[in-house]
Amino acid sequence: MKNKLKIFIFCFLSLSNLVYAEDILFETKNIEILKDKNLIIAKEGKAVTLDKDIEIYASTFEYSQDQNTLKSVGNGLAKLKSDNIEIKFDKSIYNIQNKSIDISGNIEIKNLKNKIIILTNQVEYNENIKLISSDSEIIIKDELNNSYSADKFYYDLNRRIIKVSNLNMRDQQGNHLHSPLAYINTDTGNIFGKDIDLNLDNSSLNNKNEPRLKGNSFVNNEFVTEIKKGVFTTCKKRDGCPPWQISAEEVSHDKKGKIINYKNALLTVYDIPVFYFPRFFHPDPTVNRKSGFLIPTFQSSNSDNYLKVPYFFAIAENKDLTFKPRLYNSEKILLQNEYRQVNSKSNLKADIGLFLEEKKDSKSHLFYDYAKSFDLKSFKDSKYFFKLQRTSNDTYLRKNKIKSEIVVDDDVLENSTGFSLSSGDFSLNLETTIYEDLNKNDHDRFDYILPKIDILKKIDNKTRLNGDFSFKSQALIRNYDTNVYEKNNINDLIFNSNSQITQKGFFNNYKFIVKNTNIESENSEEFENETNHYLSGILQYNSSYPLIKKNKRYEEIFKPKISFNIAPNYTRDISNKNFRIDTNNVYSLTRTTDNNFIEGGTSIIYGTDYSLIDSRKAREVLNLKLANNFRFKENKDLPGDNQIGEQFSNIFGEVSYTPNEIISVNYNTSIKNSFSELSYEKLTTEFKINNFVTEFDYLNENITNDKSSYLYNKTSYLIDDSNQLSFSTRENKTTNLTEYYNLMYQYKNDCLAASIEYNKDYYDDRDLKPVESVFFKLTIIPFGEASSPNLRN
């Protein structure tokens, strides 16, 4: 310190006029005075103004008396002490008379109070007006991890405002803001400017979506972005207006709450006004679930039109509620609530609805589904479940088109409870179930299973047989059609051998079942009114001989196969039952019976599979399956629909043919052994020619007494990437009546789908009448789907 003081005194005495004239003091290790050039060269220290407000550190200083400037080079640092500003640089020139500093090279401006950092290559500091400015590109970083870039800036230290041109900002939420002219308040961190373009993070949307906000002016801070005369859309950027947008007098983006709020909002589709909302809000695109109104919809139910205004309430991370009221054009209202809760080991869903109509009784439904897992040492999985499905009216669900993720069938409701346990080699399922068929009368509609117990146990194989043993048991008590009672206990010992390949190339395996059935019944058409005990078994031996042929393009696989079924001749009389048999299940041991009994007698199932595979395109061109059953002795107790009890059964066949991308055909058939009649045939085809696609589905079933036959067609034409026209219809060939027509034109892009649909439904059941409807449907991403009322009404 003494050395520095001596240097300072020496400079002061020798150059007293210079120091006082130029207001600069030096504290450096070395000073060289060149009087002939009016220069002072100092190294390794600092230069300080007399008011001590500016300190400049550098490796080398060069003071010119003639130019009245101070040059600073190397490891430069300027401290503007009254403003808490530090500026790092490579080189600077301080014009003492004008009180301005030109700074260049790797500049870093740091606001020590607000922790704002500005990076650039050239700035000018004007001490008189306290202004730092630059025409070079800059990068700004703040303590919130926001990153800014701009073409030029003006930093007013008195007002603590940074003015920037062509601002680009990326905040910590991944949103990108652009403005041609903006101001940053260094005290508050607020940004305000004009002509904002805010691109929002689209991580929860499709990659094609580009959610964004635009507006005339804005104010942005850590918590919210407020925009005047704002517009929002999720559509991909394109020439012209986006397919849809929401414009509003005021738009605010709540970054913490992740909500976009609107004041006096208008939804337009291709500049056509669709909805007006005085107040409206929705989650921003980063949110998968957030409380708020979902898009309202106009829809039709039977002959009534209604407005549905759903509201989604995110109660917590693991629970939410959707309230979906329907407001009808007549004196009706439907209130529907869906509640969901997911815990670490339980899952709950509930759906409650109430339908109110003037001068009529109310109608309602209650659906409840609950499942819970337990940790039990002896079991890998253990689970309890409870399901409740109730409705006050038989046609209430179908007539009002009520859909729920809990109920899969509008005609049959299920009420059940039970639990299941499983380990590596053991499983137990116990349940009690009540089925309600809404199409039956009040007395016969219920089917009670109280209870049903299923046990499966894998048994250690201590025999010389090469395979796996398992034991399967089922017990149930059933009451249906009011006064029919059945008690069943079925026990199966099952063996499946491991497949073996012989030296000749045969694939062989066998399996057998030993079945014990105990049945007690009352008023049953299927079983006698007494206790029945049944013990039997069946053995099946399977063999196949696959042959493979390859060339440069195709691979052919020809696989003849045969199965021998051996069982006692006795079979319980099930001739009045119907079982669908085809090439896929004809080899099964339970092809013609339910779980209660075994098919008796000795039979041989023989057939073949053939495949032709295009190796270059990895596509199966042709697949052919044929099968037939031969029985040594006719069994009249078996169903007659497939001639499976006769010496020769139906001939079962299936053909799949896909020669190219244009055509695909699948034909499944069952032919009488005399070739006199087709018992069953189903043909499905699909043709694709450029943008034209048509599908046919034909069914003709003569196996059962309730013969059924229909022809279904769906044809669509893709006009371009966005426009499609489709038509579908189904004709009941048994009654020679058309069941419905559907005609639809659809326009679809990355953020919007719009369609006009014509539907004519000929279905008639009680208070459900045939309906003809024309309606407009609009789907807006990410808000959902809206439908117009039936335009035919």
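Residues numbered from 1 in each chain as written. Predicted model: local features only at pLDDT ≥ 70, side-chain atom pairs only at ≥ 80, totals over all residues. Heavy atoms only, no water.

Caption draft 1: Examining the overall build of the chain more closely. The helix and strand inventory of the chain stands at three helices and 51 strands. Against the 2.2 N^0.38 benchmark of 28 Å for 793 residues, the chain shows a C-alpha radius of gyration of 42 Å, more extended than a compact globule. Counting only C-alpha atoms and orienting by the principal axes, one finds that the chain spans roughly 135 × 75 × 55 Å. Residue burial in the chain is summarised as follows: out of 793 residues, 43% are buried. Contacts in the chain between residues at least 24 apart in sequence constitute 42% of all its contacts with a sequence separation of at least 6. Split by element, the accessible area of the chain, about 42200 Å² in all, is 52% carbon and sulfur. Taking the average location of the 105 positive side-chain charges in the chain and that of its 109 negative ones, the two points are 5 Å from each other. (Helix = DSSP H or I, 4+ residues; strand = E, 2+ residues; numbered from the N terminus. Rg over C-alpha atoms; globule rule 2.2 N^0.38 Å. Buried < 20%, exposed > 50% of the residue type's maximum accessible area, 1.4 Å probe, protein only. Contact = heavy atoms within 4.5 Å. Areas by Shrake-Rupley, 256 points an atom, 1.4 Å probe, with all protein chains shown as cover. Lys, Arg positive; Asp, Glu negative; His and termini not counted. Charge placed at Lys NZ, Arg CZ, Asp CG, Glu CD.)

Caption draft 2: Looking closely at the pairing of strand β1 (residues 24-34). Pairing geometry for β1 and strand β2 (residues 39-49), over 10 bridges, is antiparallel. Opposite Ile24, over in β2, you have Thr49 as the bridge partner. (Pairing = 2+ DSSP bridges.)

Caption draft 3: Spatial organisation of the pairing of strand β40 (residues 602-614). Across the 13 residues of β40, 10 count as buried, placing the element largely inside the fold. Bridge count between strand β39 (residues 554-566) and β40: 13 bridges; the pairing is antiparallel. In the sheet register, Lys561 faces β40, and the bridge partner there is Gly607. In this structure, β40 lies alongside strand β41 (residues 619-631), joined through 12 bridges in antiparallel fashion. Looking at the pairing, Ile605 lines up with Asn629 of β41.

Caption draft 4: Here's a closer look at the state of the cysteines. Tallying each qualifying case throughout the model produces one disulfide. Residue Cys235 pairs covalently with Cys751 via a disulfide, S to S 1.9 Å. One quick way to see it: the torsion about the S-S bond of Cys235 and Cys751 is about 85°, and its sign makes the bridge right-handed. Of the two residues, Cys235 sits in the loop between β16 (224-233) and β17 (244-254) while Cys751 sits in the loop between β48 (737-748) and β49 (752-761), which places them 516 residues apart along the sequence. Cys751 sits in the buried class, given a relative accessible area of 0%. Counting only cysteine sulfurs, Cys235 is the nearest neighbor of Cys241, a cysteine outside any disulfide, at a range of 9.4 Å. (Disulfide = S-S within 2.5 Å.)

Caption draft 5: Highlighting unusual backbone geometry. With an omega dihedral of -10°, the bond running from Leu450 to Pro451 counts as a cis peptide bond. A positive phi angle is found at Lys130, which is not glycine, with a value near 55°. One can find Lys130 in the loop between β7 (116-126) and β8 (131-134). What makes Lys130 buried here is its relative accessible area of 15%. One non-glycine residue, Arg160, adopts positive backbone phi at about 60°. Relative to the assigned elements, Arg160 resides in the loop between β11 (152-156) and β12 (161-170).

Caption draft 6: Quick look at the packing of aromatic side chains. Counted by the stated rule, this structure contains 23 aromatic pairs. Measuring from ring centre to ring centre gives 6.0 Å for Phe275 and Phe277, while their planes differ by 35°; the resulting arrangement is tilted. Its relative accessible area of 12% is what places Phe277 among the buried residues. Seen in terms of ring centroids, Tyr534 and Phe597 are 4.7 Å apart; in terms of plane orientation they differ by 80°. Their pairing is edge-to-face. One end of the pair, Tyr534, is in strand β37 (residues 531-544); the other, Phe597, is in the loop between β39 and β40, with 63 residues separating them in the sequence. Exposure remark for Phe597: the relative accessible area of 8% places this residue in the buried category. Put simply, the rings of Tyr262, Phe275, Phe277 and Phe280 pair up and form one aromatic cluster. (Phe/Tyr/Trp six-rings, centres within 6.5 Å; stacked < 30°, edge-to-face > 60°.)

Caption draft 7: Examining a nonpolar patch on the surface more closely. On the surface, Ile662, Ile689, Phe692, Tyr717, Ile719, Leu725, Phe727, Tyr741, Leu743, Tyr745, Ile756 and Phe776 cluster together to form a nonpolar patch covering roughly 1000 Å² of accessible area. You can see Ile662 is positioned in the loop between β42 (651-657) and β43 (663-671). (Patch = residues over 30% accessible without salt bridge, like charges linked within 9 Å, V, L, I, M, F, W, Y side chains within 5 Å. Salt bridge = Lys/Arg side-chain N within 4 Å of Asp/Glu carboxyl O.)

So far we have only geometry, and geometry alone does not tell us how the molecule works.
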